[in-house]
Amino acid sequence: MEFDGKVALVTGAGSGIGKAAALRLGAGGASVVVISRTLEEVEKTRDAIIKAGGKAIAIDADISEEKEMTKVIEATIKEFKRLDVVVANAGINGMWAPIDDLTPDEWDQTMTVNLRGTYMTLHLAVPHLKKRGGSVIIVSSINGNRTFTSAGATAYSATKAAQVAMAQQLALELGKHKIRVNAVCPGAIDTEIDDNTDKRNVKEAEIPVKWPEGDIPITGGKPGSSDAVADVIAFLASDAARHVTGVPVYVDGGQSLLR
């Protein structure tokens, strides 16, 4: 019960990595606030935590909207009186298209959710973390950091690179408040995010490459599990990582080393 007495906020907790992280933190004793734009999904996450003996509340909110996230933080403090861990996971793949095909609105949508959403989450949560110290984990990606092979993913890759920069910048800024800030950078993981990826004319931006057989060495080419990422998030959130901050951790089974 490494998180006994702690309160964690997890965005994008309705499925995939966010859900797995929320369940893992709840299993470790944390009271968990689970956030998603889809209330029905996040209620299932809440119910699973409670069924396992934990404490959780579910809130639907758009992480990029100040008023909605203000209500989330207020509800968190009202219910649990404190905040110790923030997992900034919510994000989208958005539209993948050649840069001269990608529209300004499509670019802005990816920036709004992935960057403004991460900013808004931390902007409102940090004042409460400063009271006792805590841990922030930003879910980035190998895209934009170690790999640049997803054709047309310029907007997405830009946001993922920026998230790592945010983690490293804030690790220094917030260290004096005993707040650690790290990033996890997953590779191919068995989430539903690919189902929500829009692609248009990506062949125009593609450079053909023949990968070695099994481009994820540790799993023989198969995607990793959300639980594998959740375990790393839990480590970074825990006191076991008390001297770890400003670090991007690649959770990709060696995938990005081949690219």
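The following refers to the structure shown.

Conventions and cut-offs
- Residues numbered from 1 in each chain as written.
- Predicted model: local features only at pLDDT ≥ 70, side-chain atom pairs only at ≥ 80, totals over all residues.
- Heavy atoms only, no water.
- Helix = DSSP H or I, 4+ residues; strand = E, 2+ residues; numbered from the N terminus.
- Rg over C-alpha atoms; globule rule 2.2 N^0.38 Å.
- Buried < 20%, exposed > 50% of the residue type's maximum accessible area, 1.4 Å probe, protein only.
- Contact = heavy atoms within 4.5 Å.
- Areas by Shrake-Rupley, 256 points an atom, 1.4 Å probe, with all protein chains shown as cover.
- Pairing = 2+ DSSP bridges.
- Axes fitted to C-alpha atoms, helices over the stretch in contact; angles between N-to-C directions.

Regarding its fold elements, the protein presents six helices and nine strands. Taking 18 Å as the expected radius of gyration for a compact globule of 259 residues, we find that the protein reaches 18 Å, a close match to that expectation. Among the 259 residues that make up the protein, the fraction classed as buried is 50%. Considering only residue pairs separated by 6 or more positions, the protein has 76% of its internal contacts joining residues 24 or more positions apart. As displayed, the protein has an accessible area near 12600 Å², and 51% of this comes from carbon and sulfur atoms.

Strand order in the open sheet formed by seven strands is β3-β2-β1-β4-β6-β7-β9, and the pairing between neighbours is parallel. Bordering the open sheet on either side are β3 (55-60) and β9 (248-251), each of which pairs with just one other strand. Taken pair by pair, the neighbouring strands of this sheet meet at an average axis angle of 15 degrees, ignoring direction. Sheet topology note: the strand β1 (residues 7-11)/strand β2 (residues 31-36) ladder contains five bridges and is parallel. Residue pairing across strands places Val-7 opposite Ser-31, the latter belonging to β2. Most of the contacts of helix α3 (residues 66-80) go to β3, to which it runs at about 160 degrees, and overall it touches β1, β2 and β3.

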